[in-house]
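For reference, the chains in residue letters:
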Amino acid sequence: MDGLSGAANVIAVVDISAKITSLCFQYSVAVKDAKDDIERLQGKVADIRSILEKIKQLLDRHDKARLSATSGLSDSLKECFRELEELKAELEPGKTRKAMSRFGVRALKWPFTSKQVEKIVSSLDRYEQAFALALQIDQTGLMFDLDQKMNLANQATNNIHQKLDLAKLPIAKGASFDSHMEEHNARCLPNTRTELLRHIREWAKDKNGKPIFWLSGMAGTGKSTIARTIAQLFADQGQLGASFFFRKGEGERGNATRFFTTIATDLMVRVPGLISGIAKALDADPAISEKALKDQFEKLILRPLSEIQRAPLPALAYIVVIDALDECEREEDVRATLQLLARTRDMKLVSLRILVTSRPELPIRLGFKQMSDGTYQDLVLHEVPKSTVEHDIHLFLKHELGEIREQRSLSPNWPTRDQIQALVELAIPLFIFAATVCRYVGTKGGDPEEYLNKVIEYRRSTFSQLDRTYLPVLNQLLAEQEGEDKETWLYGLRELVGAIVILESPLSITSLAHLLQIPQKRIRCRLDSLHSVLNIPNSEHVPIRLLHLSFREFLTDPQKQGKSPFWVGEKETHERLASQCLKLMSSPNGLQQNICNLAMPGILRSEIGERTIASSLPPELQYACRYWVHHLEQSKRCIYDGNSVHIFLQKHFLNWLEAMSLIGETYRCICMINSLQTLIDKSATTLNFLRDARRFALRFRPLLEDALQVYSSALIFAPEMSVTRKTFTDHIPEWISRLSKGEDNWDACRSILEGHSAPVCAVAFSLDGQLVASASYDRTVRLWDAATGSCRSTLEGHSNSVNAVAFSPDGQLVASASQDETVRLWDAATGSCHSTLGGHFSSTNAVAFSPDGQLIASASYDGTVRLWDAATGSCRSTLEGHSNSVNAVAFSPDGQLVASASHDGTVRLWDAATGSYRGTLEGHSDSVDVVAFSPDGQLVASASHDKTIRLWDTATGSCRSTLEGHPYPVNVVAFSPDGQLVASAASHDRTVRLWDAATGSCRSILEGHSDPVNAVAFSPDGQLIASASYDKTVRLWDAATGSCRSTLEGYSNLTNVVAFSLDSQLVASASYDGTIRLRDVATGSCRSTLEGHSDSVNAVAFSPDGNRKRLVRRLGKGQGELLKGICSGGKAISLATEGIETLERRVIVISEILYQQLGMLDTRVHKNNKEVLAVFPCGLECVCGKAQGYWYIDDTRYNLYQYAQIAPTSSFLPSRLGRKAGHGTRNTE
């Protein structure tokens, strides 16, 4: 095809598509057990052919130069042709052709498994989408004038080649309404649900309507059927934007991990112009699909839609259908999804209308309740007038039973009106009852008339609606068994169907047979009579699914234990599944070293073909690897030395790590090992193995992601005394030998925390450990989900770097302090700015909430502390008295006192209620940078540049003790939760010191960091201390012994601050590389890397209760805008301040280069004319000394040495500025 024209390329693909379609038809005639797979493949190839025929017509009718998108498909067409050639060769191999010549088409054998067909169809789907998009763009372009069309064409030319890359965006397979999995599910019958469907259509058309329509109803009321009908309706009209049908227990359809990527993929195909925005997002962050839901929504949907230059034609809203949101696993994801969807209301050019269906469960009700007025309207299905529901169910039953009557040649009078009415009364308001009854009555081999009569017998009030729905089916099957066979049949039912309803992800008959060790034939026989309650495909390679979640609820209802013969015990079933998973993985056909027969251990995971992995790790084995720990955990089964779990780990732990690497789920291994540890029952050997296994997996996690590296790298470099290494010594490749001796045992490093790229100013955990807040030099605050690492919100609005962040005690507010002189309050749930607290006239350096959350204290470089009303944002009081910048602020535990630490060398205590001055804690001989109250409020600790920590009596103001020993200025201090210990770190001595708070004696010196320590925090249980260092590591220390428990390495820049979650299970660290990392304290594994900041993160905190609400309003600049003048020649910038006026009206002059690099804010000058303190926006303070008639600025932190000449103010500043020059600064005396 290389030399062919665009049209010829199209023709070539059309021709080969026709041949493949013909071959598929031959297989469909000859092969009986793969019809679904054959039809799927045939349909996909036919779809590609249909689109390309339309493209050919377009090319034939129009000038090629006017069709840039379709003309740019050459590479995609060639790649598609090559894949189709390979497919054609597979479908007509030589042996088959010879057999056909002798025996005809009956000799055909379908060459693919269902899994392989799935991969082929997925691959072809990429081309179909690319071709469809090109066709759509050029067809739309022809409707515009020449200039408009050329813009679209150029855009298509630039982006069409990105289509195949965009197709790599992972989606939840089967989640879209038109997927193969949803293809045969019911739609509303004609003349049913008419009023409801009309109501939804009107909502979609109303330009002033609310953006979200919530259709709620209890289980079985027909929500999914309505959702599919609506999706089909708007798809037929070309108005459907996207769809996602949640399904509990079906992998990625049961959670939100692929929700926004699936929606974005659908929208990309249907909304012209969207592809470029999504491509841009993927270029900027190829791993966006693994990031927070908020990041995915903003970067893949919100921003690309907002960047579309022209409204698509026709200018109608695109409908997004989301079904069964209640079946999304995590409540946090449900709430976050609703909050994010609510933000679509502000989109103008391309508007979305979102239909959400769900049960009215509490998390969803709360999610909608938190939306602002005008965001959604709702309709409750089970509150629809009974007459309407009765009418629709009556029509449905009449239609379905009429179909059965025709198929089975029954009496024209069957069913009678009375029978239909009886069924209607039994069904209201559950459509699932009506659907199940019809499937049951129409069971092959059964007597419809007899079955219908049996259903009607369940009219007694003693039966629940679920009983009425499912008991007729199961009782009938039980009645068909002979006396002694009944119990055997019931056991078989509970064994097989119990497993099917408990499985975390559905499996096919073939996979179930291998997992459960039940012959396929027996499974097929047992399932033959269950088509009315299970979706059982014709192919034995296609997963079996529940027709409705209510069947699971019926079988596993705890209240039916001992009462119903069909009851399935969840705990017992989980235990059986865990046991079967272990047996399968341990079997000869289970896990083994180099299971994919890779030629070299250095082969990357990305270089291994999916077909290779699928053939080596069939679905049932992948299932066992993923979920054996889950089933074990749910069974509450204990692990002890010598049991099946212990034996499996001893033999196959490394094989399991290899398999998890191959299926791309290495990241789950640490959590699974942690779960196993919770099940240990006094089994020292197994516990020691798991502890070592955890260290092994944590230390070598990056290596484990490439399958064979577990043997050829990780095992080799494990310590000599590692239990894992000792257990699997025989797995070390013989061709590898170590030239030098390795470490004897594990060091303190539990895991390596990687990902930071720029400074992070501060971080903090919420009290319950669910949220992390980060503050950064990039002028934003980010809120992260501590469990998942997903970014809940990016709080934008500050115009300068953010220095500090704090949560309110109830977790609803986040406060951020910035160098833009403001404090902002943000709603933690929505990320919106609640208020902006303006009044400071220099950078705000610290912020804190009072214990009751009613007050906020902010400390500033302007020398003041301000107390704000958290509810109104008004300033309650301004605490003045410090003669220099205030570096830190803290409330006492009872909220009655405020302590402030200043550059003037003092700590001041203030009355929080009145703002009155209570006392000054004097004794430090240099700047005080940190202040903290003990948990009981009786002590105040202050850390100073004078290299000491002082402990003060809160009541008397007396100095209890001076903690000396650090050889450098102390920049960090913290109390243990019980108040008995004080931890401190100095700027350059690389150690953390632990002090006895009662005696002031040094308990231990924690050594190990190779650079200064800049943050220290105790875990809430007081057992661990975390320290963050400029050496790019975080270390965890045992508070009791002072020993280093682990070293968390891998940072690309210094770590700036560290904090623990309330339950002590997580530690968060912020770095100058712009990221926050969440680590599992027990394992050291990196739970998540919170990325997005473009500069350093300076603070992080957890909210107290994990609720996320409120945010900040922008503050205007305060007093003291600095005046700048240009000297003659324009080579210097001068700054005038009040302090400088005392120096004979002289000002400091610094070079323009330095000004641009640091941007000096103001200066404070001692009257003794010995030194000048220059303050810059980034918080940098430099001492300016006098030498040989020049002032120099010496800042070792930035390694800048500049000379500045002193000159009369009048020679630099315009006279009209002179009297204003002093605003915003104070003397430092």
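Refer to the structure above for everything that follows.
Just so it is clear, the model here is predicted, and its values are computed rather than measured.

Chemist: Provide a residue-level description of the overall build of the protein chain, including the pertinent values.
Modeler: When you go through the protein chain residue by residue, the secondary structure sums to 35 helices and 49 strands. Buried positions account for 59% of the 1229 residues belonging to the protein chain. As displayed, the protein chain offers around 50,100 Å² of accessible surface, 47% of which is attributable to carbon and sulfur atoms.

Chemist: Lay out the nonpolar core in plain terms, naming residues and giving numbers.
Modeler: Formed by 148 residues in total, the largest nonpolar core has its most connected members in F551, W628, F653, W656 and F696. No other element matches helix α28 (residues 644-662), which puts ten residues into this core. If we ignore the near neighbours within four places in the chain, the residues touching F696 are F653, L654, L657, L704, V710, A714, L715, A718, T724 and W746. Of all hydrophobic cores here, the second largest spans 92 residues; its members include V13, I20, L124 and L274.

Chemist: Which residues make up the side chain of S984, and what are the values?
Modeler: Structurally, S984 can be placed in strand β29 (residues 981-986). A polar contact is formed between the side chain of S984 and the side chain of H966, at a distance of 2.8 Å. At a separation of 2.7 Å, a polar atom in the side chain of S984 contacts the side chain of W995. Ignoring sequence-local partners within four residues, the contact set of S984 consists of I949, H966, V970, V972, V973, T991, V992, R993 and W995.

Chemist: Lay out the sheet that holds strand β1 (residues 212-216) in plain terms, naming residues and giving numbers.
Modeler: Read from one edge to the other, the open sheet built from five strands follows the order β2-β3-β4-β1-β5, with strand pairing classed as parallel. This sheet does not close on itself; its edge strands, each paired only once, are β2 (240-245) and β5 (376-380). Sheet twist, expressed as the mean angle between neighbouring strand axes with direction ignored, is 15 degrees. One ladder, built from five bridges, connects β1 with strand β4 (residues 352-358); its direction is parallel. Within β4, the position partnered with I212 by the bridge is I354.

Chemist: Please give an account of the sheet that holds β29 that cites residues and values.
Modeler: Ordered in space as β28-β29-β30-β31, the four strands form an open sheet in which the pairing is antiparallel. Both edges of this open sheet fall to β28 (970-975) and β31 (1002-1007), since each of them pairs with a single strand only. Each strand of the sheet is rotated relative to its neighbour by a mean of 20 degrees, with strand direction disregarded.

Chemist: Now, about the environment of A46: what can you tell me, with residues and values included?
Modeler: Residue placement: A46 occurs in helix α2 (residues 35-61). Of the residues examined, A46 reaches a relative accessible area of 31% and is grouped as partly exposed. A C-alpha to C-alpha distance of 6.7 Å links A46 and T21, two positions 25 residues apart in sequence.

Chemist: Which residues make up helix α32 (residues 709-717), and what are the values?
Modeler: Residues lying three or four places apart along an α-helix face the same way, a consequence of the helix completing one turn every 3.6 residues. Of all the nine residues making up α32, eight are buried; the element is thus mostly covered by neighbouring parts of the structure. If you check which residues of α32 are buried, you get Q709, V710, Y711, S712, S713, A714, L715 and I716. On its buried face, α32 sits against α28, α30 (684-699), α31 (701-704) and α33 (723-727).

Chemist: So what's going on with the pairing of strand β22 (residues 907-911)? Residues and values would help.
Modeler: The buried fraction of β22 is high, at five of five residues. The two faces of β22 match: V907, L909 and D911 on one face and R908 and W910 on the other face are all buried. Count of turn residues in the strand β21 (residues 897-902)/β22 antiparallel hairpin: four residues, of which G905 carries a positive phi of about 90 degrees. The loop that links β22 with its antiparallel partner strand β23 (residues 917-921) comprises five residues; one of these, G915, has a positive phi angle of about 80 degrees.

Chemist: Please set out the packing of aromatic side chains residue by residue, giving values where relevant.
Modeler: A complete count under the given rule lists 22 aromatic pairs for this structure. Their ring planes at 85 degrees and their centres at 5.6 Å tell us that W110 and F112 sit as a pair that is edge-to-face. Judged by centre distance (4.7 Å) and plane angle (50 degrees), the ring pair of Y623 and Y627 falls under tilted. With Y623 and Y627 both in helix α27 (residues 619-635), this residue pair falls four residues apart, about one helical turn. Take Y627: its relative accessible area is 13%, and that puts it in the buried class. An aromatic cluster is built from F244, F246, F259, F260 and F297, whose rings are joined through pairwise contacts.

Chemist: Describe the pattern of salt bridges, naming the residues involved and giving the relevant values.
Modeler: Tallied over the full model, the rule gives 33 salt bridges. R49 is the salt-bridge partner of E53, the closest N and O atoms lying 3.3 Å from each other. Of the two residues, E53 and R49 both sit in helix α2, four residues apart, roughly one turn of that helix. Look at E53 and you get partly exposed, because its relative accessible area is 34%.

Chemist: Mind laying out unusual backbone geometry, listing which residues take part and the relevant values?
Modeler: That bond from W414 to P415 is cis: its omega, -10 degrees, falls within 30 degrees of zero. Looking at the secondary structure, you find P415 in the loop between α16 (386-408) and α17 (417-427). Residues other than glycine seldom take positive phi values, yet R779 does so here, at roughly 80 degrees. Topologically, R779 is positioned in the loop between β9 (771-776) and β10 (780-785).

Chemist: Talk me through the environment of C761; I want residue IDs and the actual numbers.
Modeler: Relative to the assigned elements, C761 resides in strand β8 (residues 760-765). When the C-alpha positions of C761 and A1070 are compared, they lie 7.1 Å apart, and in sequence the two are 309 residues distant.

Basis of the calculations
- Residues numbered from 1 in each chain as written.
- Predicted model: local features only at pLDDT ≥ 70, side-chain atom pairs only at ≥ 80, totals over all residues.
- Heavy atoms only, no water.
- Helix = DSSP H or I, 4+ residues; strand = E, 2+ residues; numbered from the N terminus.
- Buried < 20%, exposed > 50% of the residue type's maximum accessible area, 1.4 Å probe, protein only.
- Areas by Shrake-Rupley, 256 points an atom, 1.4 Å probe, with all protein chains shown as cover.
- Core = buried A, V, L, I, M, F, W, Y, C linked by side-chain atoms within 4.5 Å.
- Contact = heavy atoms within 4.5 Å.
- Polar contact = N/O pair within 3.5 Å; in protein donor to acceptor, adjacent residues only side chain to side chain.
- Pairing = 2+ DSSP bridges.
- Axes fitted to C-alpha atoms, helices over the stretch in contact; angles between N-to-C directions.
- Phe/Tyr/Trp six-rings, centres within 6.5 Å; stacked < 30°, edge-to-face > 60°.
- Salt bridge = Lys/Arg side-chain N within 4 Å of Asp/Glu carboxyl O.

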